[in-house]
Amino acid sequence: MTWGQRFARVVTVVVVRAPFLWPLLRGRLTRMFDAIAPHWDAMTSADRMTAFEAGLELVPETPQRVLDLGTGTGDGALAMVRRWPDAEVLGIDAAPAMVEEARRKAGGAARFEVGDARHLDFADGAFDLVAMNNMIPFFGELGRVVAPGGHLVVAFSQGSGTPIWVGPRKLRRGLERAGFEVVRDLAAGPGTTVLARRRRPV
């Protein structure tokens, strides 16, 4: 791994264990992604969307309100626009330069905003589907914004070799504590993907 990739892995490990430390680390990680945003698409591998797309394929219903969390330059959001053209698709990223690249590339096909995944500015249950590709999961916030009965896709494009990666047992425990049940998990290309459903109140 490069220095930047190692730093992203360290931040992921720390923040998954102690989410309250995110404000101390967010600025440096965001600046790193801002700096590489203009070159991001050229830097990343051709198979970076394989696991993410496989996760979308597992979603059983057609969602209407969709969030691509940690959208980067917008590839995840655009994949969902192609799959569900009638859905309202929003991409959120903490790095303003990434959001600008996504807006340029999308040409209005989806909406993109700067936002903090730990404190999303949306109502409870705002989305039928939230999807993430190579993104730190803030479990409590995911459990808040996914509607009961809605779905969550968590993909890591290179499996355990992904700089931002959470091991399967830790991921499953975090999701279950946040009110999700894991529906499917599978390997896809070099990556892994998990589909989870938000439990309905009893």
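Structure shown above.
1. Some thoughts on helix H6 (residues 96-106)
Right, on to step 1. All buried positions along H6 are accounted for by Met-98, Val-99, Glu-101, Ala-102 and Ala-106. The buried residues of H6 occupy one face: seen down the axis, they fall within an arc of 160°.

2. Remarks on the layout of surface pockets
Right, on to step 1. Here the largest pocket defines a volume of roughly 930 Å³.
Right, on to step 2. In this structure, the largest pocket is lined by 44 residues; those nearest its centre are Phe-33, Trp-40, Thr-44, Asn-134 and Ile-164.
Right, on to step 3. Among the elements of the structure, helix H1 (3-17), helix H2 (22-36), helix H3 (40-43), strand S1 (65-69), helix H5 (75-83) and strand S2 (88-93) are those that each provide at least two residues to the lining of the largest pocket.
Right, on to step 4. Looking at the lining of the largest pocket, the element that brings in the most residues is H2, giving six residues.
Right, on to step 5. Class assignment for the residues of the lining of the largest pocket results in 21 nonpolar, 19 polar and four charged.

3. Focus on the sheet that holds strand S5 (residues 146-156)
Two modes of strand pairing occur in sheets, parallel and antiparallel, and in both the strands are linked by backbone hydrogen bonds.
Right, on to step 1. Read from one edge to the other, the open sheet built from seven strands follows the order S3-S2-S1-S4-S5-S7-S6, with strand pairing classed as mixed. The sheet terminates laterally at strand S3 (111-114) and strand S6 (180-188), the two strands that pair on one side only. Each strand axis lies, on average, 20° off the axis of its neighbour in the sheet, ignoring direction.
Right, on to step 2. Sheet analysis places S1 next to S2, joined by five bridges and oriented parallel. Note on S2: the bridge partner recorded for Leu-67 is Leu-90.

4. Remarks on helix H8 (residues 168-177)
Right, on to step 1. Within H8, the full set of buried residues consists of Leu-171, Gly-174 and Leu-175. One side of H8 holds all its buried residues, which, seen down the axis, span an arc of 100°. Exposed positions of H8 whose direction lies more than 90 degrees from the buried face are Arg-169 and Arg-177.
Right, on to step 2. Immediately downstream of H8, the backbone of Gly-179 shows phi near 100°, a positive value.

5. With respect to the packing of aromatic side chains
The geometry of an aromatic ring pair is captured by two quantities: the separation of the ring centres and the angle between the planes.
Right, on to step 1. According to the stated counting rule, one finds four aromatic pairs in the structure shown.
Right, on to step 2. On the basis of an interplanar angle of 80° and a centroid distance of 5.0 Å, the ring pair of Phe-122 and Phe-127 is categorised as edge-to-face.
Right, on to step 3. Sitting over the face of the ring of Phe-7, Arg-28 holds its NZ or CZ atom 5.0 Å from the ring centroid.
Right, on to step 4. Here the basic side chain of Arg-83 rests over the ring of Trp-84, its NZ or CZ set 6.0 Å away from the ring centre.

6. With respect to the packing of H1 against H2
Right, on to step 1. Packing of H1 against H2 leaves a shortest axis separation of 11 Å and a crossing angle of 155°. Here H1 is positioned roughly antiparallel relative to H2, judged by the angle of their axes. Here H1 runs over H2; the crossing is left-handed. Facing Trp-3, Gly-4, Phe-7, Ala-8, Val-11, Val-14 and Val-15 of H1, the residues of H2 in contact are Trp-22, Leu-25, Arg-28, Leu-29 and Met-32.
Right, on to step 2. Grouping the constituent residues of the contact of H1 with H2 by class yields 10 nonpolar, one polar and one charged.

7. Thoughts on the pairing of S5
Right, on to step 1. Among the 11 residues that make up S5, 10 are buried, leaving the element largely enclosed by the rest of the structure.
Right, on to step 2. Of the pairings in the sheet, the one linking strand S4 (residues 127-133) to S5 comprises six bridges and is parallel in character. Residue Phe-127 lies in a different strand from S5, and its bridge partner there is Val-146.
Right, on to step 3. Pairing of S5 with strand S7 (residues 191-198) involves six bridges; the strand directions are antiparallel. When the sheet's bridge partners are listed, Phe-156 is paired in S7 with Thr-192.

Each value, and the rule that gives it
- Residues numbered from 1 in each chain as written.
- Predicted model: local features only at pLDDT ≥ 70, side-chain atom pairs only at ≥ 80, totals over all residues.
- Heavy atoms only, no water.
- Buried < 20%, exposed > 50% of the residue type's maximum accessible area, 1.4 Å probe, protein only.
- Helix = DSSP H or I, 4+ residues; strand = E, 2+ residues; numbered from the N terminus.
- Arc of directions from axis to C-beta.
- 1 Å grid on protein atoms, 1.4 Å probe; cavity = no way out; pocket = protein on both sides within 12 Å on 5 of 7 lines; lining within 4 Å.
- Points joined across faces, edges and corners; volume = space filled by probe spheres on them.
- Nonpolar A, V, L, I, M, F, W, Y, C, P; charged D, E, K, R; others polar.
- Pairing = 2+ DSSP bridges.
- Axes fitted to C-alpha atoms, helices over the stretch in contact; angles between N-to-C directions.
- Phe/Tyr/Trp six-rings, centres within 6.5 Å; stacked < 30°, edge-to-face > 60°.
- Lys NZ or Arg CZ within 6 Å of the ring centre and 35° of its normal.
- Parallel < 35°, antiparallel > 145°, perpendicular 65-115°, else oblique.
- Left-handed = near helix turned anticlockwise from the far one by under 90°.
- Contact = heavy atoms within 4.5 Å.

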